[in-house]
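# Coordinate analysis (summary)
Residues per chain, in single letters:
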Amino acid sequence: MPGVPAAASPPPSAERPLRIAVIGAGPAGIYAADALTRQDDVPVAVDLVDRLPTPFGLVRHGIAPDHPKMRAIRDTLHRFLDHPLVRFVGNVDVGVDIPLDELRRHVDAVIYTYGASLDRQLDIEGEQLPGSLAATDLVAWYTGHPDCDRARVEAALAGVRSAVVIGVGNVALDVARVLSRTSEELEPTDMPQHVLDVLAAAPVEEVTVLGRRGPAQATFTTQELRELDGLADATVLVDPAELELDPLSEEHAAGDRNVSRNLAVLRGWADHTAAPGRVRLRLRFFRRPVRLLGTDRVTGIEVERTAVDGDGRAMGTGELEVLPADLVVRSVGYRGVPLPGLPVDERSGTVPNDTGRVLREGKVSPGEYVAGWIKRGPSGVVGHNKHDARETVAALLADVAEGTLRVGGPVGDLVDELVARGAEPVLLEDWRAIDAAEAALGATRGRARTTLHEREALMAAVRAAADR
Ligand code: NAP
């Protein structure tokens, strides 16, 4: 197996560098590639493999398009892709285009950084009704992810007046904000045109963001919260009674800067009143979803009032309330996708690991590493992945120093193998062709870029450039 030192295998050299496949070209993968190429102790060659023909993971298909400054981090990430020791290899689905074992035969080590892109379910009645979506579905749609279920999302959005978003994290705020924005606000973004058209046609009047616990337990950050009050045509509404805290939550708030700032912002909105013609953007707390109502599609959500107990848990009070809604979006976290051949802890949705070294049946698996959300779970902003990836790369380099990870003899080129298997890997120059095609499409409407949302369109841009 790769990574297991052959008795006489030499240490990595410029002629035979340590060959590493990083699986997932999102922020964690790119930061891992950067950390590998920033050091001089171990000569390396890095293949940055992604299922999509495009790099950047959640920077492209997660960060909300109306946050252009945050999305600009892709410019920094792009510079790391340009490094001569890094090769972007997109459009390769590991486990489908090539079995993991086979891929491992072509490199000395693998770092899994493919994230956590699946939604979490609520497991309540009515969750599968039309009009009920996961935030992951909606985010994939509005960022132009090629694998999104466009028909389902667009059917759910048709005619929507009243939406409920379950969860009080930053993703819930992204979704609520995008649904509450005017078409003029969204027009300059890189959202695909059909997304802009569908959102412009949805007659949204009310968006409710629902926390099962109190405002002191909400996980959104203050900057993102504050932004809700700056929308062109929406008024943020809170119920002052739901901002009252029990003594333990008050104590928790006093000791946590983010929470105390959130509370100050929320309390500052307590005197807001709904204005005719403006979207009502409500933040509700202490309400646990019980079931979604409706027969052919969602018509409402039944919630139970809660109180937070001494351990910070939401305890039902038995008091029920129905909120009318023709769209319900659950934004209750992400979980990792299983990769065939790789262990995933069912509960946490992460790959078992010890500071980045993959564990198989409790033992370190030589030559296998993990970084990013699939290592630590879906938390933190893009920048957290830098530290996380460095920790993993430090473990890998320590293994080389200790001789437990060495070059594993002659290996064939991964891209040659992929092509021989009928795959169509997208390399850096191909991605540049996609990049240019998106900029050109955006320019037709006076925008910096418009995302190409179909795999066929992405690959057509690659092939057109190759034919020139
Ligand atoms: P999150 O912060 O973990 O929020 C998940 C929310 O879902 C919590 O409010 C949680 O409430 C709620 N929830 C979970 N299970 C529930 C249930 N059964 N019923 C009702 N509510 C339930 O996750 P996220 O919003 O998906 O964000 C993921 C990460 O990405 C976070 O670190 C976030 O900061 C980051 N992110 C950052 C930005 C930004 O910086 N602008 C934007 C997007 C995402 P409990 O606390 O009660 O469990």
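Structure first, text after, so check above.
Cut-offs and rules
- Residues numbered from 1 in each chain as written.
- Predicted model: local features only at pLDDT ≥ 70, side-chain atom pairs only at ≥ 80, totals over all residues.
- Heavy atoms only, no water.
- Helix = DSSP H or I, 4+ residues; strand = E, 2+ residues; numbered from the N terminus.
- Rg over C-alpha atoms; globule rule 2.2 N^0.38 Å.
- Buried < 20%, exposed > 50% of the residue type's maximum accessible area, 1.4 Å probe, protein only.
- Contact = heavy atoms within 4.5 Å.
- Areas by Shrake-Rupley, 256 points an atom, 1.4 Å probe, with all protein chains shown as cover.
- Lys, Arg positive; Asp, Glu negative; His and termini not counted.
- Charge placed at Lys NZ, Arg CZ, Asp CG, Glu CD.
- Pairing = 2+ DSSP bridges.
- Near = heavy atom within 4 Å.
- Polar contact = N/O pair within 3.5 Å; in protein donor to acceptor, adjacent residues only side chain to side chain.
- Nonpolar A, V, L, I, M, F, W, Y, C, P; charged D, E, K, R; others polar.
- Domains from an automatic or database assignment.
- Axes fitted to C-alpha atoms, helices over the stretch in contact; angles between N-to-C directions.
- Parallel < 35°, antiparallel > 145°, perpendicular 65-115°, else oblique.

Before going further, it helps to examine the overall build of the chain. Summing up its helical and strand segments, the chain has 18 helices and 18 strands in all. Relative to a compact globule of 468 residues, whose C-alpha radius of gyration would be 23 Å, the chain shows 24 Å and is just as compact. By its C-alpha atoms, the chain is 75 × 55 × 40 Å across when sized along the principal axes. Here the chain holds 468 residues, and the buried ones make up 54% of them. In the chain, of all internal contacts separated by at least 6 residues, the share reaching a separation of at least 24 is 76%. Split by element, the accessible area of the chain, about 20100 Å² in all, is 52% carbon and sulfur. Of the side chains in the chain, 53 bear a positive and 70 a negative charge, and the two mean positions are spaced by 2 Å.

Across six bridges, strand E11 (residues 287–293) lies against strand E12 (residues 300–308) in antiparallel orientation. From the neighbouring strand, leucine 292 faces E12, where its bridge partner is isoleucine 301. Here E11 folds back onto E12 in antiparallel fashion, the turn holding six residues, of which glycine 294 has a positive phi close to 130 degrees.

As a further point, take the site of the ligand. Neighbouring the ligand are 23 residues, the closest being Val168, Arg212, Arg213, Thr219 and Gly380. A distance of 3.0 Å separates an oxygen atom of the ligand from a polar atom in the side chain of asparagine 170. With the chains in place, 80% of the 930 Å² that the ligand exposes on its own is no longer accessible. It is helix H8 (residues 170–180) that provides the largest number of residues to the shell around the ligand, a total of three residues. Of the residues that constitute the shell around the ligand, the class distribution is eleven nonpolar, eight polar and four charged. For the shell around the ligand, the domains that each give at least three residues are domain 1 (18–117 + 335–426) and domain 2 (121–332).

Our focus in this paragraph is the side chain of arginine 177. Note on placement: arginine 177 falls in helix H8. Take arginine 177: its relative accessible area is 0%, and that puts it in the buried class. A distance of 2.7 Å separates the side chain of arginine 177 from the side chain of aspartate 66, its partner in a polar contact.

The next thing to look at is the packing of helix H6 (residues 135–142) against helix H7 (residues 150–157). Any two packed helices are characterised by how steeply their axes cross, that is the angle between the axes, and by the distance between the axes. Between H6 and H7, whose axes approach to 10 Å, the crossing angle comes to 105 degrees. Accordingly, the angle class assigned to the pair H6 and H7 is roughly perpendicular. Contacts from Asp137, Leu138 and Trp141 in H6 reach Arg150, Arg152, Val153, Glu154 and Leu157 in H7. Taken together, the residues that form the contact of H6 with H7 break down as four nonpolar, no polar and four charged.

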